[in-house]
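Here is what each chain is made of, one letter per residue.
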Amino acid sequence: MSTCLPVLYSFRRCPYAMRARLALYSAKVSHEHREVNLKNKPLEMLTISPKGTVPVMILENGDLLEESLDIMKWAFKVSSLSTEDILLIRENDTTFKQALDRYKYPGRYLEKIGINYQEECEYFLRKLENQLAPFLNGNMLTLVDLAIFPFIRQFSMVNPDWFETQPYPHIQVWLNFFITNQLFKDVMQKFLFWTPENKPELVLF
Ligand SMILES: N[C@@H](CCC(=O)N[C@@H](CS)C(=O)NCC(=O)O)C(=O)O
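All of the points below concern the structure found in this document.

Cut-offs used in this document
- Residues numbered from 1 in each chain as written.
- Predicted model: local features only at pLDDT ≥ 70, side-chain atom pairs only at ≥ 80, totals over all residues.
- Heavy atoms only, no water.
- Near = heavy atom within 4 Å.
- Polar contact = N/O pair within 3.5 Å; in protein donor to acceptor, adjacent residues only side chain to side chain.
- Areas by Shrake-Rupley, 256 points an atom, 1.4 Å probe, with all protein chains shown as cover.
- Nonpolar A, V, L, I, M, F, W, Y, C, P; charged D, E, K, R; others polar.
- Helix = DSSP H or I, 4+ residues; strand = E, 2+ residues; numbered from the N terminus.
- Salt bridge = Lys/Arg side-chain N within 4 Å of Asp/Glu carboxyl O.
- Buried < 20%, exposed > 50% of the residue type's maximum accessible area, 1.4 Å probe, protein only.

1. Considerations on the site of the ligand
Next, step 1: Residues in contact with the ligand, as listed here, are Cys-14, Pro-15, Tyr-16, Leu-38, Lys-41, Gly-52, Thr-53, Val-54, Pro-55, Glu-67 and Ser-68.
Next, step 2: Side-chain polar atom of Lys-41 to an oxygen atom of the ligand: 2.6 Å apart, as the coordinates give it.
Next, step 3: Protein contact buries 70% of the 520 Å² of open area that the ligand shows by itself.
Next, step 4: Taken together, the residues of the shell around the ligand break down into 6 nonpolar, 3 polar and 2 charged.

So, in structure tokens, the structure goes:
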């Protein structure tokens, strides 16, 4: 079954998919949601996007967006970001994300001996803490907040009791703003894994 809406292949807990959904829901872009089982990816998705990561979005004209950031830019109709925003998101997606994965799942990766991955993550956290006022670009919530929030939320959830006692007051307020926001509740709604036989799950605005 197909619809004429853009189609999003997503996974609820993936921070990249989360940032794409945050953008789609904030910009009120109606779409069909296809929840992907990452352990058994649908052939339909792999055929159009063999790299096999989510999120992936197929637009009405058949164009394909295979990167979360491209989906965000498309949803907000922005063609470029400021150099500062690009650099911050890049740091989030590379050094911070690598340290976060190793902090979250000790033993899963070949960790370097003597590296404390919680401390590695905190370099980036301190940078955000100093920049937040109350959002990353001052008074206005922008794409860069939505792009980074899901990753910092993951960090805060590894050891929440410890995190609450840490000197990150701006980050705490910023995280709380998102977590208590209806937007976040909406993007975290649960869907069953997609199969072509099921009735399409439409997110309509
Ligand atoms: N650079 C990609 C990264 C997406 C990504 O790595 N997604 C993960 C899930 S969080 C994934 O699909 N991994 C493939 C897998 O687990 O098989 C983006 O920004 O969209």
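2. Comments concerning unusual backbone geometry
Next, step 1: Going from Val-54 to Pro-55, the amide bond is cis rather than trans, its omega being 5°.
Next, step 2: Here Pro-55 is to be found in the loop between α2 (43-48) and β3 (56-58).
Next, step 3: With an omega dihedral of -10°, the bond running from Ala-133 to Pro-134 counts as a cis peptide bond.
Next, step 4: Counting through the fold element by element, Pro-134 comes out in the loop between α5 (117-131) and α6 (143-158).
Next, step 5: In the Ramachandran plot, Lys-28 falls in the positive-phi region, its phi being about 55° despite a non-glycine side chain.
Next, step 6: Note on placement: Lys-28 falls in the loop between α1 (15-26) and β2 (31-35).
Next, step 7: Although it is not a glycine, Lys-77 sits at a positive phi angle of roughly 55°.

3. Describing the pattern of salt bridges
Next, step 1: Within the structure shown, the criterion is met by 5 salt bridges.
Next, step 2: A salt bridge links Asp-93 to Arg-19; the nearest nitrogen and oxygen atoms lie 2.7 Å apart. In this pair, Asp-93 is assigned in helix α4 (residues 83-104) and Arg-19 in helix α1, connecting sequence segments 74 residues apart.
Next, step 3: You can call Asp-93 partly exposed: its relative accessible area is 23%.
Next, step 4: What makes Arg-19 buried here is its relative accessible area of 0%.

That is the geometry; function is a separate question.
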